[in-house]
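Residue strings, one per chain:
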Amino acid sequence: MSDIKICSRCVMDETAIEINFDENGVCNFCHHYDDVLVKEIFSNKGGEEKIQKLISEIKEKGRNSKYDCLIGLSGGVDSSYVAYLVRKKYGLRVFAVHLDNGWNTELAVANVEQIVKRLDIDLQTYVLDWKEFRDIQLSFLKASISNIEIPTDHAIWALLIKTAAKMKIPYIIAGNNVVTESIMPESWLYGSKDSKLIKSIHNKFGKVKMKTFPSLSTLDYVDYLLVRGIRWVPILNYVHYNKAEAKQILIEELGWRDYGGKHYESIFTRFFHAYYLPVKFGYDLRKSYLSALVCSGQISREEALEEINKPPASKEVLDNDREYVIKKLGITELEFDQILQSPNKTYMDYPNNEAMWKRFNNVIKIARKRITRVD
Ligand SMILES: [Zn+2]
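These notes cover the structure that comes with them.

Rules behind the numbers
- Residues numbered from 1 in each chain as written.
- Predicted model: local features only at pLDDT ≥ 70, side-chain atom pairs only at ≥ 80, totals over all residues.
- Heavy atoms only, no water.
- Helix = DSSP H or I, 4+ residues; strand = E, 2+ residues; numbered from the N terminus.
- Rg over C-alpha atoms; globule rule 2.2 N^0.38 Å.
- Buried < 20%, exposed > 50% of the residue type's maximum accessible area, 1.4 Å probe, protein only.
- Contact = heavy atoms within 4.5 Å.
- Areas by Shrake-Rupley, 256 points an atom, 1.4 Å probe, with all protein chains shown as cover.
- Pairing = 2+ DSSP bridges.
- Donors = N, O, S within 2.8 Å, 3.2 Å for Na, K, Ca; no water.
- Core = buried A, V, L, I, M, F, W, Y, C linked by side-chain atoms within 4.5 Å.
- Phe/Tyr/Trp six-rings, centres within 6.5 Å; stacked < 30°, edge-to-face > 60°.

1. A word on the overall build of the protein chain
Part 1: Each helix and strand counted, the protein chain has 17 helices and 5 strands in total.
Part 2: For 375 residues, the compact-globule formula gives about 21 Å, and the C-alpha radius of gyration of the protein chain, at 20 Å, lands near that figure.
Part 3: Over its C-alpha atoms, taken along the principal directions, the protein chain stretches across nearly 60 × 55 × 45 Å.
Part 4: Expressed as a percentage of the 375 residues in the protein chain, the buried residues total 51%.
Part 5: In the protein chain, once contacts between residues fewer than 6 apart in sequence are set aside, the share between residues at least 24 apart is 80%.
Part 6: Looking at the protein chain as shown, the accessible area adds up to about 17,900 Å², and 51% of this sits on carbon and sulfur atoms.

Quick look at the structure:
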């Protein structure tokens, strides 16, 4: 452990293969954070003014429609706080989509129910076909790559964009944000936009035909966001977003209850963060999330180090989750152990669209500018 070099400013270390350090021992992720911060965060420089302008534009555009905007609601802090902001603070008429992939905790479901009730938001829950989705998740486990959450993340993203198109809601207001998510090595979590990767892994390891899984190709992406002009607004980049303060507001005003861990609103996600990644790959995603909080000044480096030295979940929780995952996916202990012990792979070992994404980078950049632009 002591041989691993840690950044002098954040808590990222050499378990991320991309890391390098400058002469002061500050890592490239910190420098990236500073770059992104300057470009994408507006909370300190007229963010409120920009958001007010955007809100009036959204209201104007939605004048003759039933809804002003679409949000995804997982029950987690980020998306719950987005619901609070758009509904209560800005008074928009909101349609919310919740994805049920079969792994939500009871607490997450209770939080979603509380939020839509208290904020008077219309909600649609989209339930994935379990037999099909289980087969896709199992394929990702058999593929031995780090990001086995790609199918869920992709489904949420595709569902939001498709719902917006179908219901003709021009704005998707999202909870992705630079403040808490900008430090993430690609080797740990390759992006979830790549539907070719999902298809190739599922073709290789799956048994059930993929029929209903919500998916978007690169061309769909360009079509929906550029041609049809659906706009994706990462609203938390425009407001002062402090996680601890946001939680407090949710608890006091919406009866929201805490999960005790980022993204622990889903049992599979908790298994992924606290068991699968640390045990199979030696990755601890808390390093990335806590580093972003350190860089944004929400916690100190010492607090982050202290947190990382604790286990990601209690042994009891880890054992229960392991047992639950094995049972729910319908595999044997032996099959599970084989998955954990088989050689680690990366997304590059399977056909994927990374090259095409890079080639279309300019188009995407224009699209991103258009969908994130607020002025
Ligand atoms: Zn750093």
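2. Concerning the environment of Q137
Part 1: With respect to the helices and strands, the residue Q137 is situated in helix α5 (residues 130-143).
Part 2: Q137 sits 65 residues away from H202 along the chain, and the two C-alpha atoms are 8.6 Å apart.
Part 3: Among residues more than four places away in sequence, those in contact with Q137 are W103, W130, T152, F268 and L329.

3. Focus on the pairing of strand β4 (residues 171-174)
A regular strand carries its side chains on alternate faces of the sheet.
Part 1: Residues Y171 and I173 point to one face of β4 and I172 and A174 to the other, with burial holding for every one of them.
Part 2: Bridge count between β4 and strand β5 (residues 231-234): 4 bridges; the pairing is parallel. Across the sheet, residue I172 finds its bridge partner in β5, namely W232.

4. Focus: the coordination of the zinc ion
Geometrically, a metal with four donors at the corners of a regular tetrahedron has ideal angles of 109.5 degrees, and one with six donors at the corners of a regular octahedron has ideal angles of 90 or 180 degrees.
Part 1: The protein atoms donating to the zinc ion are C7 (SG), C10 (SG), C27 (SG) and C30 (SG), with metal-donor distances spanning 2.3 to 2.4 Å.
Part 2: Between consecutive donor residues of the zinc ion, the sequence gaps follow C-x2-C-x16-C-x2-C.
Part 3: Taking relative accessible area as the criterion, C10 reaches 0% and is therefore assigned buried.

5. Regarding the nonpolar core
Part 1: Counting residues in hydrophobic clusters, the biggest one holds 113 residues, and the most contacted among them are M12, L92, I173, I235 and Y276.
Part 2: Residue contacts for I235: discarding those within four places in its chain leaves I51, V82, L85, V86, Y90, I173 and A174.
Part 3: Membership of the second largest hydrophobic core comes to 6 residues, among which are V11, L290, V294 and A304.

6. Regarding the packing of aromatic side chains
The description of two aromatic rings rests on the distance between their centres and on the angle between their planes.
Part 1: Per the stated rule, a full pass over the model turns up 19 aromatic pairs.
Part 2: Seen in terms of ring centroids, W103 and W130 are 5.9 Å apart; in terms of plane orientation they differ by 70 degrees. Their pairing is edge-to-face. In this pair, W103 is assigned in the loop between β2 (94-100) and α4 (106-119) and W130 in helix α5, connecting sequence segments 27 residues apart.
Part 3: Classification of W130 as partly exposed rests on a relative accessible area of 27%.

7. Description of unusual backbone geometry
Part 1: Residues other than glycine seldom take positive phi values, yet S144 does so here, at roughly 60 degrees.
Part 2: Locating S144 in the fold gives a position in the loop between α5 and α6 (150-167).
Part 3: In this model, K168 sits at a positive phi of 55 degrees, which is unusual for a non-glycine residue.
Part 4: Its location among the elements puts K168 in the loop between α6 and β4.

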